[in-house]
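Chain by chain, the residues:
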Amino acid sequence: MFTQEVTVNNEVGLHARPATYFIQKANEFKSGIWVEKEERRVNAKSLLGVLSLGIVKGTTITLIADGPDAKEAVEALAQLVDNQLGE
């Protein structure tokens, strides 16, 4: 299992289009991937799950992956978040 905390810095947070980019990237990996905000954990490959967290600018989330490409998955998603999610 591999985890990493990241802070969402884009203006709209992880909503609509940015969330779609995030989910598309998550689905490129074989590992199970989750996003955790406070005490809630959702499947990172589920648009409704990610949107249900209500992630806004400045929110710190934890990316968690477990599987054959867990480290690569978390690093790629963290980089996507750091790069403003396609803004």
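Quick caveat: nothing in here was measured; it's all calculated off a predicted structure.

This brings us to the overall build of the chain. In terms of helices and strands, the chain carries 3 helices and 4 strands. Going from N to C terminus, the chain has its helices and strands arranged as β-α-β-β-α-β-α. The C-alpha radius of gyration of the chain comes to 11 Å, within 12% of the 12 Å expected for a compact globule of 87 residues. For the chain, the spread of C-alpha atoms along the three principal axes comes to 35 × 25 × 20 Å. Burial status across the chain gives 43% buried among its 87 residues. Across the chain, every contact between residues at least 6 apart in sequence was considered, and the portion connecting residues at least 24 apart equals 70%. Accessible area for the chain stands at about 4700 Å²; split by element, carbon and sulfur atoms hold 48% of it. Side chains of the chain carry 9 positive and 12 negative charges; the gap between the two charge centres is 5 Å.

With that settled, consider the pattern of salt bridges. Tallying each qualifying case throughout the model produces 4 salt bridges. One salt bridge in this structure joins K57 and E11, with 2.8 Å as the shortest N-O distance. Here the residue K57 occupies a position in the loop between α2 (47-52) and β4 (60-66), and E11 occupies one in the loop between β1 (2-7) and α1 (16-26), the gap between them amounting to 46 residues. Overall, E11 belongs to the exposed group, its relative accessible area being 57%. Salt-bridge contacts for R41 lead to E36; the nearest nitrogen and oxygen are separated by 3.1 Å. A relative accessible area of 22% means that E36 is categorised as partly exposed.

This paragraph deals with the nonpolar core. Ranked by size, the top nonpolar core spans 26 residues in total, and within it F22, I33, V35, I55, I61 and L63 carry the most contacts. If you tally residues by element for this core, the top one is helix α3 (residues 70-82), at 8 residues.

Further remarks concern unusual backbone geometry. The backbone of A16 sits at a positive phi, close to 45°, despite the residue not being glycine. Its place among the elements puts A16 in helix α1. Despite not being glycine, E38 shows a phi value in the positive range, around 55°. Within the secondary structure layout, E38 lies in the loop between β2 (32-37) and β3 (40-43).

Cut-offs and rules
Residues numbered from 1 in each chain as written. Predicted model: local features only at pLDDT ≥ 70, side-chain atom pairs only at ≥ 80, totals over all residues. Heavy atoms only, no water. Helix = DSSP H or I, 4+ residues; strand = E, 2+ residues; numbered from the N terminus. Rg over C-alpha atoms; globule rule 2.2 N^0.38 Å. Buried < 20%, exposed > 50% of the residue type's maximum accessible area, 1.4 Å probe, protein only. Contact = heavy atoms within 4.5 Å. Areas by Shrake-Rupley, 256 points an atom, 1.4 Å probe, with all protein chains shown as cover. Lys, Arg positive; Asp, Glu negative; His and termini not counted. Charge placed at Lys NZ, Arg CZ, Asp CG, Glu CD. Salt bridge = Lys/Arg side-chain N within 4 Å of Asp/Glu carboxyl O. Core = buried A, V, L, I, M, F, W, Y, C linked by side-chain atoms within 4.5 Å.

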